[in-house]
Amino acid sequence: MTAEILDGKRIAAEIRAEVAEEVEKTRFALKRPFHPCLVAVLVGEDPASQVYVRNKQRACEKAGIEGRTHRLPVDATQQQLMDLVQQLNEDPSVHGILVQLPLPKTGGGDSGFDERAVLDAIDPLKDVDAFSPVNVGLLMQGRARFLPCTPHGIVQLLHRSQISVAGKHVVVVGRSDIVGKPMAMMLAQRNSSCGRDVANATVTIAHSRTEDLGAMCRSADCLIAAVGVPEMIQGDMIKPGAVVIDVGINRVDGRLVGDVAFEQAKQVASAITPVPGGVGPLTIAMLLHNTVLAAKLQLPSTLP
Ligand code: NDP
């Protein structure tokens, strides 16, 4: 068996086009200016973060969204960063605020940056990453306002690839606040942004303390790897015919590899996401989606 390769790049392009269309439609319906604006806050000079921010800005422009970047020096203080977030919260021309993580280890004063405090300070209506406690709480209760971009991208990818997880066993390897935890929560809900087929799963969260990870993974009809360890999921950890979603982005000898040993896995799985070109492009597409949603939520009057 050779797995179907799930083309995240193509699906992301489809979603980006829909977002651009939504901006146009809203502008037309409002009969007045509608300029969604996403601001990325970049602290320091980390090359990978700079590339991510640049890519997000480019994607914004293509979708009719204004993308701005605010830069702070590597030795900025916690207060400077908090003040900037506050200023952006109060600026009505800004609809989405994204603080690029990780924050540099060097800044933030003697004890370093308090990342949690910075994320908590973002106005929940502008929290397009959906990291604030309010948005996480709404997600937990099944009435999310913004969905976190990477797991939402995966829901879209499954839906648009006609893959149902309802009633199936999904194993999510990784329990981060950004990917693993919200992913598990979203697939265990009764409904999703894409309907009931990409929800209603029986979900297990695995992590570094899970005993016999191999057996756990082999019991998965759908295996989602969000670990950050290159090619940790080997072919013999995959149930024949399973769907494998590889969230990992790891740089090894100058090339990008996922958390799944792709060549082995594609001989066993029924469908698999490649790295690059799988989950990554969807994350940006869903960020654009959230920015337009944020701009609509912040309109002074309701949409017709
Ligand atoms: P974190 O480092 O925050 O979390 C990693 C998780 O994996 C932790 O829960 C950890 O367990 C678990 N883990 C680590 N080692 C093992 C192991 N040997 N066995 C089982 N579990 C293990 O990472 P993120 O969730 O932020 O990111 C995960 C990966 O996804 C990274 O490669 C990252 O670059 C990528 N990523 C990709 C995105 C995209 O758009 N495609 C977006 C975001 C992330 P424990 O909690 O016990 O420590």
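Residues numbered from 1 in each chain as written. Predicted model: local features only at pLDDT ≥ 70, side-chain atom pairs only at ≥ 80, totals over all residues.

Per an unreviewed UniProt entry, the protein goes by Bifunctional protein FolD and derives from Novipirellula artificiosorum. A UniProt comment under Subunit (unreviewed entry) is attached to the protein, and it reads "Homodimer." A UniProt comment under Sequence similarities (unreviewed entry) is attached to the protein, and it reads "Belongs to the tetrahydrofolate dehydrogenase/cyclohydrolase family." (UniProt positions renumbered as here; feature names shortened; annotations may be inferred.)

Draft legend 1. Quick look at the sheet that holds strand S11 (residues 271-272). Taken together, the 6 strands give an open sheet; going across it, the order is S1-S11-S8-S7-S5-S6, and neighbouring strands pair in parallel fashion. Of all strands in the sheet, those bounded by a partner on one side alone are strand S1 (4-5) and strand S6 (202-206). By the bridge criterion, 4 bridges tie strand S7 (residues 222-225) to strand S8 (residues 243-246) in an arrangement that is parallel. Within S8, the position partnered with Ile 224 by the bridge is Ile 245. (Pairing = 2+ DSSP bridges. Helix = DSSP H or I, 4+ residues; strand = E, 2+ residues; numbered from the N terminus.)

Draft legend 2. Main features of the sheet that holds strand S4 (residues 96-99). Reading across the sheet, the 3 strands line up as S3-S2-S4 and stay open at both edges, with parallel pairing between neighbours. This sheet does not close on itself; its edge strands, each paired only once, are strand S3 (66-72) and S4. Each neighbouring strand pair of the sheet contributes to a mean axis angle of 20°, computed without reference to strand direction. The strands touched by helix H3 (residues 78-90) within the sheet are strand S2 (37-43), S3 and S4, with S3 carrying the most contacts at an inclination of about 155°. (Axes fitted to C-alpha atoms, helices over the stretch in contact; angles between N-to-C directions. Contact = placed C-beta atoms within 7 Å.)

Draft legend 3. How the structure looks around the site of the ligand. The environment of the ligand is made up of 26 residues, and the closest members are Gly 174, Ser 176, Ser 208, Gly 228 and Thr 283. Sorting elements by how many residues they give to the shell around the ligand places helix H10 (residues 279-297) first, with 3 residues. Along the lines of polarity and charge, the residues of the shell around the ligand split into 12 nonpolar, 12 polar and 2 charged. (Near = placed C-beta within 6 Å. Nonpolar A, V, L, I, M, F, W, Y, C, P; charged D, E, K, R; others polar.)

Draft legend 4. Expanded view of the packing of helix H2 (residues 47-62) against H10. Packing of H2 against H10 brings their axes to within 10 Å, and their N-to-C directions diverge by 55°. Compared by their axis directions, H2 and H10 come out oblique. As H2 runs across H10, the sense of the crossing is right-handed. On H10, the residues that touch Asn 55, Lys 56, Ala 59 and Cys 60 of H2 are Ile 284, Leu 287 and Leu 288. Classifying every residue of the contact of H2 with H10 by side-chain character gives 5 nonpolar, 1 polar and 1 charged. (Parallel < 35°, antiparallel > 145°, perpendicular 65-115°, else oblique. Left-handed = near helix turned anticlockwise from the far one by under 90°.)

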